[in-house]
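# Structural overview
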Amino acid sequence: MNIAPKSSFVLSRRHLLGIEGLSSEDIAGLLDLAEEFVALNRQIEKKRASLRGRTQINLFFEASTRTQSSFELAGKRLGADVMNMSVGISAMRKGETLLDTAITLNAMRPDILVVRHHASGAVELLAQKVDGSVINAGDGAHEHPTQALLDALTIRRNKGRIERLIVAICGDILHSRVARSNILLLNTLGARVRVVAPSTLLPAGVEQLGVEVCRDMREGLADADIVMMLRLQRERMNGSLVPSVQEYFHYYGLDQKKLGYAKPDALVMHPGPMNRGVEIDSSVADGAQSLIREQVEMGVAVRMAVLEALSRNLPNV
Amino acid sequence: MLADPRPILLANARIVDPSRDLDEPGDVLIADGVIRDARRGIRASGVPEGTETIDCRGRVVAPGLVDMRAFVGEPGAEHRETLASASRAAAAGGVTTIVCQPETTPVIDDPAIVDFVLRRARDTAIVHVHPMAALTKGLGGQEMAEIGLLRASGAVAFTDGARSVTNAQVMRRALTYARDFDALVVHHTEDPDLIGEGVMNEGAFATRLGLMGIPSAAETIMLERDLRLVALTGSRYHAASVTCRNSLEVLRRAKEAGLPVTAAASINHLTLNEIDIGSYRTFFKLTPPLRAEPDRASLVAALSSGLIDVVMSDHNPQDVEVKRLPFAEAAAGAIGIETMLAAGLRLVHGGELSLLVLFKAMSTRPAQLLGLPGGTLKPGAPADLILVDPEAPWVLDPAGLKSKCKNTPFDEAKLQGRTVRTIVGGRTVYEYV
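First, a word on scope: everything that follows refers to the structure included in this document. Computed from a predicted model, the values in this text were never measured in an experiment. (Residues numbered from 1 in each chain as written. Chains lettered and ligands numbered in written order. Predicted model: local features only at pLDDT ≥ 70, side-chain atom pairs only at ≥ 80, totals over all residues. Heavy atoms only, no water.)

The number of helices and strands found in chain A is eleven helices and nine strands. In terms of overall size, chain A behaves like a compact globule, its C-alpha atoms giving a radius of gyration of 19 Å where 317 residues would be expected to give roughly 20 Å. Taken along its principal axes, the extent of the C-alpha atoms in chain A is 55 × 50 × 35 Å. Within chain A, the proportion of its 317 residues that are buried is 59%. Here the contacts in chain A between residues at least 6 apart in sequence split such that 74% fall between residues at least 24 apart. Surface summary for chain A: the accessible area is close to 12900 Å², and the carbon and sulfur share equals 50%. One way to put it: in chain A the 38 positive side-chain charges average out to a point 4 Å from where the 36 negative ones average out. (Helix = DSSP H or I, 4+ residues; strand = E, 2+ residues; numbered from the N terminus. Rg over C-alpha atoms; globule rule 2.2 N^0.38 Å. Buried < 20%, exposed > 50% of the residue type's maximum accessible area, 1.4 Å probe, protein only. Contact = heavy atoms within 4.5 Å. Areas by Shrake-Rupley, 256 points an atom, 1.4 Å probe, with all protein chains shown as cover. Lys, Arg positive; Asp, Glu negative; His and termini not counted. Charge placed at Lys NZ, Arg CZ, Asp CG, Glu CD.)

Laid out in structure tokens, this is it:
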């Protein structure tokens, strides 16, 4: 069976720097396009030629295994030449600045740059200096748009819709770009979003992003359709923001008991990589209600959709 | 040395002299480097032979501005700003006295460095320059600097620049010792621990940008501590840069209690707010950070009521290498000495402030606090004054700025009102043509 691209969806922008600014039509268009790639990716012949001749550079200033390999696979399946650059271990050590790196790479004429950086706003800054399309693969605590899109695709495939679902995002909201992108996207599509965390992990004014704020898992998970767990970095659990791993897991770690507060058919998500026994119990992570592995599969399809949609705007001559 | 310039008659001007609460039409006569007279109808009583008469119809004559907080990179960071380049920027902005900060390399914590700055300024600067000296040695916040000797060598006040003395005991002793010399202590009030990883004002906008926030309490807590130490010591204290409503409340209580306390606000905090950061514009990254609009509005009200004494530029030249970076990694600071008056006139044109209050806070009050002779048009005062066209519309082109760095938050801003002539010691040092 050959799955030809049906959608003629075009994203009316050169870069994908965040969910902010995307309309619900933009998001639905990307998700529909991604559905086609889910089917393609389940075939033996997974290759398409829509990015043939294009060069994609994955520029990662911050270590990442899954996002980088997901983008690499997505680009290769669309026929692009993909190059991975981990800048953390080369140029930055030599004192080269972000913009120097951008200008240098731009001279190699990439069509698409996939960029991750530890500072909020860094990807947008870089996008101002290059000629091709830039995809934000995560900037500081700001945005991680493809993660939110893959989460939305996963939810839509399992629940049939996103509108009016209750989604509880739990954990380190303060430092999380995944949370910010998800809040923006889920609100755009009409979900009810809650954030659940101890107050030390909630950024000031978070309620102004259009979320309900809960400090308690029982209250926060009540009637939830989706429970989205966030990773908590170990260095933040040594007494600086929460007292200890034990205490954090006791109050905020997702185990079967806490999952019981949510709807019986609630589904569990995690952007990975997981800290088992810190924010999530293994029995939940690997349990019947977990979508965590499916999220990874959807990640490749969503990234193919984003690459495809942006490449349709690239000049052809 | 240049020959003494001709006497100048500034005729038919609007004279704004906050030192006499005066805002009325009149003429100003300058000769031998001093103001001879400033009143209505000088022409009739005759002027010295050879007097240059300038028709100032529609223009304001006011005392030259005294900028109480400007970073100049000399010595040690001449690539950012020299005394010469800062003074040219100052002259173009109507500033006739720069008070430079001790955060140089080496730090101005030794009488020899004060002497160096004064000599360099004498030889290279076209406006007056007075250094503040460090309050603690090396700006280290641990041992007090030689306040007596530094003052004797020409330091006009004592400050650790943009650093706060976190140790309350050190601060108490420095204040106590400074009182014996009637020295003014100027303090930047921000608790570094509460700043933490913060890079902009804490709140929903920082949250949206994914930037770590700085609570305004970081400022208010330090200010409140200081004011209690002032109550303990009775020393003259000046809050270097107040930015938020809660700090104003603390300040008001201290003033009502009769403490010898004054405060400044930067022109940036009076005319901009956190939203101006937009999408990570690093020229708006400042210390303390730009606050929310209600804070800005309350600062302007406090300036109008006199609770805020001084408006300063907080001039801080930073080159592109340290500004063209992701927001969290970029250096803080904005240039402002050349634009402070035009930016301040925005408040006047917007009906938020009178011209008299603006000039009082930018000229008369800082001169009084620092014990400098400027800030007035009284006969006998040094002829440090400016001629301003308060209505002239213009668009700021950073390329035209005299400062060595172009990190202005008013990049391409539409402004109304500009300095058309700056006179220092009776000599014209800047003329807009």
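As a further point, take empty space enclosed by the protein. This model, assessed by the stated rule, comprises four cavities of 30 Å³ or more. In terms of residue class, the lining of the largest cavity is made up of two nonpolar, one polar and four charged. (1 Å grid on protein atoms, 1.4 Å probe; cavity = no way out; pocket = protein on both sides within 12 Å on 5 of 7 lines; lining within 4 Å. Points joined across faces, edges and corners; volume = space filled by probe spheres on them. Nonpolar A, V, L, I, M, F, W, Y, C, P; charged D, E, K, R; others polar.)

Turning our eyes to something else, we now look at helix α11 (residues 292–311) of chain A. One full turn of an α-helix is made of 3.6 residues, so residues set three or four places apart face in the same direction. Between its first and last C-alpha, α11(A) extends 29 Å over 20 residues, near the 28 Å set by a 1.5 Å rise per residue. The buried fraction of α11(A) amounts to 16 of the 20 residues, a majority that puts the element mostly inside the structure. (Expected span 1.5 Å × (residues − 1).)

This next bit is on the interface of chain A and chain B. Counting from both sides, the interface comprises 25 residues of chain A and, opposite them, 17 residues of chain B. Of the roughly 1600 Å² buried where chain A meets chain B, counting both sides, 60% is carbon and sulfur surface. A per-residue breakdown of the area chain A buries against chain B is headed by Ser120(A), Ala204(A) and Leu209(A), which together make up 26% of the total. Summed over the shared surface of chain A and chain B, the result is one salt bridge. For Glu20(A), the salt bridge goes to Arg208(B), with nearest N and O atoms at 4.0 Å. Inspection of the chain A/chain B interface yields six residue pairs in polar contact (both at pLDDT 80 or more). When contributions to the side of chain A that touches chain B are tallied by element, the ones reaching two or more residues are α3 (98–106), α4 (122–127) and α6 (177–188) of chain A. No other element matches the three residues that α4(A) contributes to the side of chain A that touches chain B. (Buried area = accessible area lost by both parts, 1.4 Å probe. Salt bridge = Lys/Arg side-chain N within 4 Å of Asp/Glu carboxyl O. Polar contact = N/O pair within 3.5 Å; in protein donor to acceptor, adjacent residues only side chain to side chain.)

Residue and element names in this part refer to chain B. Relative to the assigned elements, Lys378 resides in the loop between α14 (355–370) and β17 (385–395). Among the residues examined, Lys378 registers a relative accessible area of 40% and is labelled partly exposed. Expressed as a C-alpha distance, the spacing of Lys378 and His269, which sit 109 residues apart in the sequence, is 31 Å. When sequence neighbours within four positions are dropped, the list of residues in contact with Lys378 reads Asp17, Ser19, Arg20 and Ile35.

Moving on to the pairing of β17(B). Residue and element names in this part refer to chain B. Of all eleven residues in β17, eight are buried; the element is thus mostly enclosed. Bridge analysis of strand β5 (residues 60–63) against β17 gives four bridges, and the strand direction is antiparallel. Looking across to β17, one finds that Val60 is bridged to Val388. The pairing of β17 with strand β18 (residues 414–424) spans eight bridges and is classified as antiparallel. Within β18, the position partnered with Asp389 by the bridge is Arg418. (Pairing = 2+ DSSP bridges.)

On to a positive patch on the surface, then. Residues and elements named next belong to chain B. The grouping of Arg88, Lys402, Lys404 and Lys406 at the surface amounts to a positive patch. In this fold, Lys402 is placed in the loop between β17 and β18. For Lys402, a relative accessible area of 36% gives the class partly exposed. (Patch = residues over 30% accessible without salt bridge, like charges linked within 9 Å, V, L, I, M, F, W, Y side chains within 5 Å.)

This part is about unusual backbone geometry. Along the chain, Gly272(A) connects to Pro273(A) via a cis peptide bond; the corresponding omega equals -10°. Of note, the amide linkage connecting Thr287(B) to Pro288(B) takes the cis form, showing an omega dihedral of -10°. Among the structural elements, Pro288(B) can be located in the loop between α10 (267–271) and α11 (293–305). At Arg109(A), a position not held by glycine, the phi torsion is positive, near 60°. Relative to the assigned elements, Arg109(A) resides in the loop between α3 and β3 (112–117). Judged by relative accessible area, which is 70%, Arg109(A) ranks as exposed. Phi at Asp182(B) is positive, roughly 50°, even though this residue is not glycine. Tracing the backbone through its elements, the reader meets Asp182(B) in the loop between α5 (168–180) and β11 (185–187). Given a relative accessible area of 44%, Asp182(B) falls into the partly exposed group.

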